[in-house]
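# Remarks on the overall topology
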Amino acid sequence: VSTQSTGGINAEYGGRLLRGTVRSMKMKRTLTLRRDYLHYIKKYNRFEKRHKNISAHVSPAFLDLKQGDTVLIGQCRPLSKTVRFNVLKVIATAASDKKKFAKF
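What this report covers is the structure whose coordinates are included nearby.

Parameters and conventions
- Residues numbered from 1 in each chain as written.
- Predicted model: local features only at pLDDT ≥ 70, side-chain atom pairs only at ≥ 80, totals over all residues.
- Heavy atoms only, no water.
- Pairing = 2+ DSSP bridges.
- Helix = DSSP H or I, 4+ residues; strand = E, 2+ residues; numbered from the N terminus.
- Axes fitted to C-alpha atoms, helices over the stretch in contact; angles between N-to-C directions.
- Salt bridge = Lys/Arg side-chain N within 4 Å of Asp/Glu carboxyl O.
- Buried < 20%, exposed > 50% of the residue type's maximum accessible area, 1.4 Å probe, protein only.
- Contact = heavy atoms within 4.5 Å.
- Patch = residues over 30% accessible without salt bridge, like charges linked within 9 Å, V, L, I, M, F, W, Y side chains within 5 Å.
- Areas by Shrake-Rupley, 256 points an atom, 1.4 Å probe, with all protein chains shown as cover.
- Core = buried A, V, L, I, M, F, W, Y, C linked by side-chain atoms within 4.5 Å.

Turning to the sheet that holds strand S6 (residues 70–75), a few remarks are in order. Sheet architecture is closed into a barrel: 5 strands sit in the order S3-S4-S5-S7-S6, paired in mixed fashion. Within the sheet, the average angular offset between the axes of one strand and its neighbour, ignoring direction, is 50°.

With that settled, the discussion passes to the pattern of salt bridges. Under the criterion given, the structure shown has 2 salt bridges. In this structure, the salt-bridge partner of arginine 34 is aspartate 36, at a minimum N-O distance of 2.8 Å. By relative accessible area, which is 26% here, arginine 34 ends up partly exposed. Two residues, glutamate 48 and arginine 50, come together in a salt bridge whose shortest N-O distance is 2.7 Å. Taking the relative accessible area as the measure of exposure, arginine 50 reaches 35% and is therefore partly exposed.

The next subject is the side chain of threonine 70. Position of threonine 70 among the secondary structure elements: in strand S6. With sequence-adjacent residues up to four places away left out, threonine 70 is seen in contact with Arg19, Gly20, Thr21, Val90, Ile91 and Ala92.

Before going further, it helps to examine a nonpolar patch on the surface. On the surface, Leu38, Tyr40 and Phe47 cluster together to form a nonpolar patch covering roughly 320 Å² of accessible area. Tracing the sequence through the fold places leucine 38 in strand S4 (residues 30–41).

Among the nonpolar cores identified, the biggest contains 13 residues, and Leu31, Leu65, Val71, Ile73 and Val87 are the most heavily contacted of them. Sorting the residues of this core by element identifies strand S3 (17–27), S4, strand S5 (46–57), S6 and strand S7 (83–92) as the ones contributing at least two each. The residues contacting leucine 65, other than those within four sequence positions of it, are Met25, Leu31, Val58, Val71, Val87 and Val90.

With that settled, the discussion passes to the side chain of threonine 30. Relative to the helices and strands, threonine 30 resides in strand S4. A relative accessible area of 12% means that threonine 30 is categorised as buried. When neighbours within four sequence positions are excluded, threonine 30 is seen to be in contact with Met25, Ser55, Ala56, Val58 and Val83.

This brings us to the pairing of S3. Note that S3 and S6 share 5 bridges and pair antiparallel. Each residue of the ladder has a partner; that of glycine 20, found in S6, is valine 71. Sheet topology places S3 next to S4; 4 bridges connect them, and they run antiparallel. Bridge pairing in S4 links valine 22 to leucine 33. Hairpin connection between S3 and S4: a loop of 2 residues separates the two successive antiparallel strands, and arginine 29 in this loop has a positive phi of roughly 60°.

Geometry only, nothing functional implied.
In structure tokens:
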């Protein structure tokens, strides 16, 4: 179990650290995160795009997050049926009025 200090908040995590883009903030203190990745298909010697949606708990210190922000989440104990991660750090904020380069 490791402890990471993020902006005055000590959050315990004991597993994976993941990075993703905020998909929605419609739940109370919970966000949906989208993780894009490439999966290799050996037969065709090419990659295909895939994604996973992950729910993460948002502490009151990070409630100013918006859709499109990039965040770092850390694994923790199960908080509910779907929530197993905590938001640890905001890596980048979304460009609000400009078009920006998408990862894929």
